[in-house]
Amino acid sequence: MDKYISPEEQRLVIEKLYYSNDSITSTEKFNKIYEERLGEMGERTLRLYDFAKKMKETEFKEENIERFIKDITGQYINLSAL
């Protein structure tokens, strides 16, 4: 069964990756840098696998991405297995 991540959850993960308190500003910053390559984040529900795979292509540390996805969604995803 596929697991999904909502736009709000995506924004919260991105907020944590930037160590910010503002998910909207953090997501706008993220999209300015990565939208052309990865598509716009925080706008539509994605499969968790697809979100994680896209996040793996960013500058952020894999362990932080994994930890924040787990913190926000409750789902563990192993980026090194993708």
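Quick note: structure is the one above.
Just so it is clear, the structure is predicted and the values come from calculations on it, not from any experiment.

## A few points about the packing of aromatic side chains
Line of reasoning, step 1. Under the counting rule described, the total for this entry stands at four aromatic pairs.
Line of reasoning, step 2. Geometrically, the ring pair formed by Tyr-19 and Phe-68 is edge-to-face, given 6.2 Å between the ring centres and 80 degrees between the ring planes. Taken together, the residues Tyr-19 in the loop between helix 1 (7-17) and helix 2 (23-38) and Phe-68 in helix 4 (residues 62-73) connect sequence positions 49 residues apart.
Line of reasoning, step 3. Considering the side-chain rings of Phe-30 and Tyr-34, the 4.8 Å spacing of their centres and the 40 degrees angle between planes classify their relative orientation as tilted. Linking Phe-30 with Tyr-34, this pair stays in helix 2, spanning four residues, or about one helical turn.
Line of reasoning, step 4. The class of Tyr-34 is buried, set by a relative accessible area of 4%.
Line of reasoning, step 5. Taken together, the ring pairs in this structure connect Tyr-18, Phe-30, Tyr-34 and Phe-60 into an aromatic cluster.

Reading guide: rules and limits
Residues numbered from 1 in each chain as written. Predicted model: local features only at pLDDT ≥ 70, side-chain atom pairs only at ≥ 80, totals over all residues. Heavy atoms only, no water. Phe/Tyr/Trp six-rings, centres within 6.5 Å; stacked < 30°, edge-to-face > 60°. Helix = DSSP H or I, 4+ residues; strand = E, 2+ residues; numbered from the N terminus. Buried < 20%, exposed > 50% of the residue type's maximum accessible area, 1.4 Å probe, protein only.

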